[in-house]
Amino acid sequence: MYNVKINYGPKIDYRYCNGCGMCYQNCPLDVYGWDEEKKMPTVAYPGECSCCCLCEVMCPEMAIDVELPLHALLDFGITPASISKYEKTPLT
Ligand code: SF4
Ligand code: SF4
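A quick note: this is a predicted structure, and the numbers were derived from the prediction, not measured.

*Asks:* So what about the overall build of the chain? Which residues, and what values?
*Replies:* Summing up its helical and strand segments, the chain has three helices and four strands in all. Going through the 92 residues of the chain one by one, you find that 13% of them count as buried. Put simply, 53% of the contacts in the chain that link residues at least 6 apart link residues at least 24 apart.

Written out as structure tokens, the structure reads:
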């Protein structure tokens, strides 16, 4: 058994998530779990994510960022150094 860290797949920004459950209900690969106590989605199986970005597009609060694996970035000609991280600015 290998201990592999998955560093791609959906990342939820819980500052914006409203717990609507759209991501959990619509992910075709069942990547999401559901925290019954907090009434919030969890990323339960990131290794199953195909990076189709459906959840990111569907999320009404734009709270999901699907991070692509390195080989997919390189396929698109994107190098890690060219990616700039940005913070979502809150609406005022
Ligand atoms: S679709 Fe967005 S707002 Fe709705 S539960 Fe998922 S992350 Fe939260
Ligand atoms: S990107 Fe696609 S496969 Fe991955 S978690 Fe979102 S909906 Fe599921």
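*Asks:* Give me the lowdown on the environment of Ala72, citing residues and values where you can.
*Replies:* Relative to the elements of secondary structure, Ala72 occurs in helix α3 (residues 70-75). Here Ala72 falls in the exposed class, since 12 other C-beta atoms lie within 10 Å of it.

*Asks:* Can you tell me about the site of ligand 2, naming the residues and giving the values?
*Replies:* Of all residues adjacent to ligand 2, which total 13 residues, the nearest are Cys27, Val31, Cys49, Cys52 and Cys55. At the level of secondary structure, the elements contributing two or more residues to the shell around ligand 2 comprise β1 (9-12) and α2 (54-58).

*Asks:* Mind laying out the site of ligand 1, listing which residues take part and the relevant values?
*Replies:* Around ligand 1, a shell composed of 14 residues is seen, among which Cys17, Cys20, Met22, Cys23 and Cys59 lie nearest. Here the shell around ligand 1 is built from residues that sort into ten nonpolar, three polar and one charged.

Cut-offs and rules
- Within each chain, residue numbers correspond to sequence positions counted from 1 in written order.
- Whichever chain is written first becomes A and whichever ligand is written first becomes 1, with later ones labelled in order.
- Thresholds applied to this predicted model are a pLDDT of at least 70 for local features of residues and 80 or more for the giving and counting of side-chain atom pairs; totals over whole chains, interfaces and linings are not thresholded and use all residues.
- To qualify as a helix, a DSSP run of H or I must reach at least 4 residues; to qualify as a strand, a run of E must reach at least 2; elements of each kind are numbered from the N terminus.
- Any residue whose C-beta has 12 or fewer other C-beta atoms within 10 Å is treated as exposed, any with 20 or more as buried, and any in between as partly exposed, C-beta atoms being built from the backbone.
- Residue pairs qualify as contacts under a 7 Å threshold applied to their C-beta atoms, which are placed from the backbone.
- Throughout this description, a residue near a molecule or strand is one whose C-beta atom, derived from the backbone, lies within 6 Å of it.
- All residues other than Ala, Val, Leu, Ile, Met, Phe, Trp, Tyr, Cys, Pro, Asp, Glu, Lys and Arg, Gly among them, are scored as polar; the first ten of these are nonpolar and the last four charged.

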